[in-house]
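Coordinate inspection notes
Each chain, written out:
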Amino acid sequence: ILDNFTELTAELTAELTAELTARKKQYEYYRGDFENTVVAMFNEMVARHKYVKEHGQIEAEKIIYVINSLDKFKEVLSADGKDKLNVLLENGRLELNVHFIIGDSIASMNKVTFDAWYKKHCTNSSGLWIGDGSTDQYVLKITKPTSELYQEMPQQFGIYISKGRFTIVKHITSVHTQISDED
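The text that follows walks through the structure, step by step, so that each part is easy to find. Every value quoted in this text rests on a predicted model; they were computed, and no experiment measured them.

For the structure on display, the rule yields 3 salt bridges. Between Lys 111 and Asp 71 there is a salt bridge; the shortest N-O distance is 2.9 Å. Of this pair, Lys 111 sits in helix α4 (residues 106-112) while Asp 71 sits in helix α2 (residues 70-75), placing them 40 residues apart in sequence. Residue classification places Lys 111 among the exposed residues on the basis of a relative accessible area of 56%. Residue Asp 71 is classed as partly exposed on the basis of its relative accessible area, which comes to 24%. Asp 80 is the salt-bridge partner of Lys 84, the closest N and O atoms lying 3.0 Å from each other. Of this pair, Lys 84 and Asp 80 are both found in helix α3 (residues 79-91), 4 residues apart, which corresponds to roughly one turn of the helix. What makes Asp 80 partly exposed here is its relative accessible area of 43%.

Moving on, we get to the sheet that holds strand β5 (residues 165-170). The antiparallel open sheet is built from 3 strands, whose spatial order is β3-β4-β5. In this open sheet, the two edge strands, each paired with only one partner strand, are β3 (127-130) and β5. Direction aside, the axes of adjacent strands within the sheet are offset by 25° on average. As judged from the 6 bridges shared by strand β4 (residues 157-162) and β5, these two strands associate in the antiparallel manner. Counted as the bridge partner of Phe 157 is Lys 170 from β5.

Before going further, it helps to spend a moment on the side chain of Asn 97. Inspection of the secondary structure puts Asn 97 in the loop between α3 and β2 (98-103). The buried category is assigned to Asn 97, whose relative accessible area is 19%. Those residues in contact with Asn 97, other than ones at most four positions away along the chain, are Arg 48, Ile 58, Ala 60, Glu 61, Lys 62 and Ile 63.

Here α3 contains 13 residues, and its C-alpha end-to-end distance of 18 Å stays within 8% of the 18 Å for a straight helix at 1.5 Å per residue. Among the residues of α3, those classed as buried are Gly 81, Lys 84, Leu 85, Leu 88 and Leu 89. Buried positions in α3, seen along its axis, are confined to an arc of 135° and lie on one side of it.

Its location among the elements puts Glu 35 in helix α1 (residues 2-55). On the basis of relative accessibility, which here comes to 15%, the residue Glu 35 falls in the buried class. Note: C-alpha distance between Glu 35 and Lys 74 (39 residues apart in sequence) is 9.7 Å. Apart from the residues within four sequence positions on either side, Glu 35 is in contact with Val 76, Leu 77, Ser 78, Asp 80 and Gly 81. A polar atom in the side chain of Glu 35 sits 3.3 Å from the backbone nitrogen of Gly 81.

On the surface, a nonpolar cluster with roughly 290 Å² of combined accessible area is contributed by Ile 64, Val 66 and Ile 101. Looking at the element boundaries, Ile 64 is found in strand β1 (residues 63-68).

Let us now look at the environment of Leu 128. Note that Leu 128 resides in strand β3. For the pair Leu 128 and Val 169, spaced 41 residues apart in sequence, the C-alpha separation works out to 9.3 Å.

Reading the values: the criteria
Residues numbered from 1 in each chain as written. Predicted model: local features only at pLDDT ≥ 70, side-chain atom pairs only at ≥ 80, totals over all residues. Heavy atoms only, no water. Salt bridge = Lys/Arg side-chain N within 4 Å of Asp/Glu carboxyl O. Helix = DSSP H or I, 4+ residues; strand = E, 2+ residues; numbered from the N terminus. Buried < 20%, exposed > 50% of the residue type's maximum accessible area, 1.4 Å probe, protein only. Pairing = 2+ DSSP bridges. Axes fitted to C-alpha atoms, helices over the stretch in contact; angles between N-to-C directions. Contact = heavy atoms within 4.5 Å. Expected span 1.5 Å × (residues − 1). Arc of directions from axis to C-beta. Polar contact = N/O pair within 3.5 Å; in protein donor to acceptor, adjacent residues only side chain to side chain. Patch = residues over 30% accessible without salt bridge, like charges linked within 9 Å, V, L, I, M, F, W, Y side chains within 5 Å. Areas by Shrake-Rupley, 256 points an atom, 1.4 Å probe, with all protein chains shown as cover.

Here is the structure:
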């Protein structure tokens, strides 16, 4: 029995070590990819800034970056990558035709409300809340909450808040499927 247990333990240890090694490689791959993405975004912003300085306005297409979970995104970046991302968030603006959409939990958004970029570009009276709980949060300010907000929100609905006033909206989910040649 002990020999069998020792054999199983050695086998399990080898499998776990291989899995851990594979996950570390995967993490480094994605970390590098995110880092490269931030550098490319930063370089684009610098080029647009130089163009605006020289020509007065930009004639480039609008770029919209969507970041889902800013906290998790920042976790995989180096210190330099985090600095570049903060510069991007602070300097992304209308005249450069660069915009950011950040989707995150209220707890995560609370962490950045004192960051320079947040103070510069965000207001607590505008945003989008998806699902229930809009009356239980304190980041997005609703000036006159009504009984509608205290009811359970139907699935795929949320609240658009602009200048403290709310509108109930339905969000649309899009799923992209790649069809292989075999289909």
